[in-house]
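Understanding the architecture of this molecule
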Amino acid sequence: MNIQGFQIFTDGFAEACSLLLDGTLSVWTIILASLKVSSLALAIGLGIGIPLGFYLGSKFTIPRRIILILANAGMGIPPTVVGLFVTMLLSRKGPFGPLNLLYTQEAMVIAQIFIATPMVTAIAASAVASVPDELRLQARSLGASKLQEMALTLKEARIGIFAAIAAGMGSIISEVGAVQMVGGNILGKTQVMTTAIVQYTRMGKYGYSIALALALLTIVLIVNILLTKMQTHGNESDKRGA
Amino acid sequence: MPTTNQAINLEIRDVDIELDQFSLTVDSLLLPKGTTTVLLGPSGSGKSTLLNCIGMLKNTSKAKLLIDNKEVSAKEAHGKIVVIFQRPYLMQGSVEQNATYGLKIQGVARQESAKRVKEVLNQVGLENYEKRDVRSLSGGEAQRVALARALAVKPQALLLDEPLASLDPLLKRQIATEFGQILSASSTTALYVTHDFNEALIVADYIAVIIDGEIKAYGEARKTVSVCSSEEVCKFLNIPRAIPGCICAHANSETWIEVEGLGTQIKFLADSKVRAKQKVYFSVRPEDVHVIKEEHAALYDNCVKAQLCSMVSTGEMSQLSFTLEDSSYELFARISYSEAQIIKPELYKTYLIAFNSEAVCVDYLETSCISV
């Protein structure tokens, strides 16, 4: 083993730190683009996935089961397949070609929505289904309106709902195939952390790759710390009787 | 104890529910104001389905719910008629948060809400439990929280669906007694579903026996579980069919029943409405029937010779089934292990069985006897 070969890591980390601390513009542009695309896609994915998951999980009927099966299957779709279909939809010859969305951040948001939504839907449905039907009936019997019943169900399912948010966020911020295909990895425009890491690694610019990897890991960690705190916050408050 | 709104008469009519291989048909069931009616029946008889229907929670399409003879919608019923399920179904949080939930959704002011929660927690014996996490409660405590949550909204009626089913027998008896006292003190109109005969007798003013989706017997609690005229109800309650007879003598409170084919007359304590030649059905609860020796006959109001026709051990007790001499009528006696050691019961042997006049439960018919 070539012990001196580990220098590649130390050099890489040293360069990465200086890139991040110096505020090297291209690195921060990539980080901000990633955050912008993924946050927007997650927000829309949650906006669709949580209500749909609530609908699917609150009562099992045959049509709802079919949708749930599709959502569960959707969690396993490879991002490159999503990328392929979104590219075809948005390509010049495709049905949405006239909108000129291919190789834009909007196209990346669309692809990420297709990735995140099934995951959020399936996990939220499972969380809602785990709340006993009788708890809803109990609330109704005490005089709760439909809205109050829903609020109670979501509150009781909150641990699973936060897990759905974490999974949705994780699935899109770390995704590389689809965004590369529909975004084109254009520097300063559609280049995001994952696609940039792939590119810089190929180019041998390990310092840039490590800087972006550190940023990506930090974001994932912060998001998960926040979500875990929110998951357990209710329980802690409950213990205090707040 | 001012924990309820004014008590109401509650009635459900025209229940006709068809589920998979099961149907529930109840023309009418009245829950009299301020009383506890127990819906008693075996598993799968439709008790919970009927309770959910009365609570306007499930399968309510055809049924009519009447509060004080006025039909109400499901929306009007919710919040006034509160259901407590078999499991407490507490929300994540503290005892106080759970007890407050109903008040919060009904928009009760915070100060009034706090006062009421304190009151109901005292009532169910959970004072100083306000801040306890519900996950740290025992089964009995959790069910009390569910009761407190229901009582807090001052319901006009309470529907309890086997609330003690998940508790062990000793705790069940203790909590059933407490529930009975709380229901009685709060004067709430209540329906209490159970398949447990002893639990039913602890809490009931009235009992309705439901079997195979139909109410087969209804009436004052002790009488309903003692005087039984339907084969399937008798089988479920594990008592013999009631014996038909005729009032033959009535002087002050002492009254006698003459039974066709039975050599002796049965003495019982009649109420003031009884009249001579009135047709009656009577029975005696197995625990009130004693197997005695001839020399002890003077200690009892009624002694009858009877043949032992079957013996069943029910754990710590044995149930003896007797056919009364010169007739086909039956009475059961429930005796302890030690009594069995003394009597040494033998099948088809004749014994003297005895019971006092207070133990005779009588169902009076409007008709008169033609001949006895």
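Heads up: these notes are all about the structure in this document. Bear in mind the structure is a predicted one, so any value in this text is a computation, not a measurement.

Cut-offs and rules
Residues numbered from 1 in each chain as written. Chains lettered and ligands numbered in written order. Predicted model: local features only at pLDDT ≥ 70, side-chain atom pairs only at ≥ 80, totals over all residues. Heavy atoms only, no water. Buried < 20%, exposed > 50% of the residue type's maximum accessible area, 1.4 Å probe, protein only. Helix = DSSP H or I, 4+ residues; strand = E, 2+ residues; numbered from the N terminus. Contact = heavy atoms within 4.5 Å. Pairing = 2+ DSSP bridges. Axes fitted to C-alpha atoms, helices over the stretch in contact; angles between N-to-C directions. Salt bridge = Lys/Arg side-chain N within 4 Å of Asp/Glu carboxyl O.

Burial analysis of helix α6 (residues 133-141) of chain A places 7 of its 9 residues in the buried class, the great majority of the element. Considered for burial, the residues of α6(A) that qualify are L135(A), R136(A), L137(A), Q138(A), A139(A), R140(A) and S141(A). Contact partners of the buried residues in α6(A): α2 (25-58), α5 (105-129) and α7 (146-156) of chain A together with β6 (81-84), α3 (95-105) and α5 (139-152) of chain B. Positive backbone phi, approximately 110°, marks G143(A), located one or two places after α6(A).

What follows covers the sheet that holds strand β7 (residues 157-161) of chain B. All names here are of chain B. What the 6 strands build is an open sheet, ordered β6-β7-β8-β3-β9-β10; its pairing is mixed. Only two strands of the sheet have a single neighbouring strand rather than two, namely β6 and β10 (214-220). Each adjacent strand pair in this sheet contributes to an overall mean axis angle of 15°, direction not counted. Pairing between β6 and β7: 4 bridges, direction parallel. Looking across to β7, one finds that V83 is bridged to L159.

Residues and elements named next belong to chain B. Mapped onto the fold, C309 is located in strand β16 (residues 302-314). Each C-alpha atom, one on C309 and one on T25, is 37 Å from the other, the two residues being 284 residues apart in sequence. Ignoring any residue separated from it by four or fewer positions in sequence, one finds C309 in contact with S321, F322, T323, E330, L347 and Y348.

Residue and element names in this part refer to chain B. Using the criterion set out here, one finds 17 salt bridges over all chains in the structure. With a shortest N-O distance of 3.9 Å, K172 and E199 are connected by a salt bridge. Linking K172 in helix α6 (residues 169-186) with E199 in helix α7 (residues 197-203), this pair joins segments that are 27 residues apart in sequence. With a shortest N-O distance of 3.6 Å, R334 and E287 are connected by a salt bridge. Separated by 47 residues along the polypeptide, R334 in strand β18 (residues 330-336) and E287 in the loop between β14 (278-284) and β15 (290-292) bring together distant segments of the chain. Residue classification places R334 among the partly exposed positions, given a relative accessible area of 22%. Residue class for E287 comes out partly exposed when judged on its relative accessible area of 34%. Connected via shared salt-bridge partners are K172, D196 and E199.

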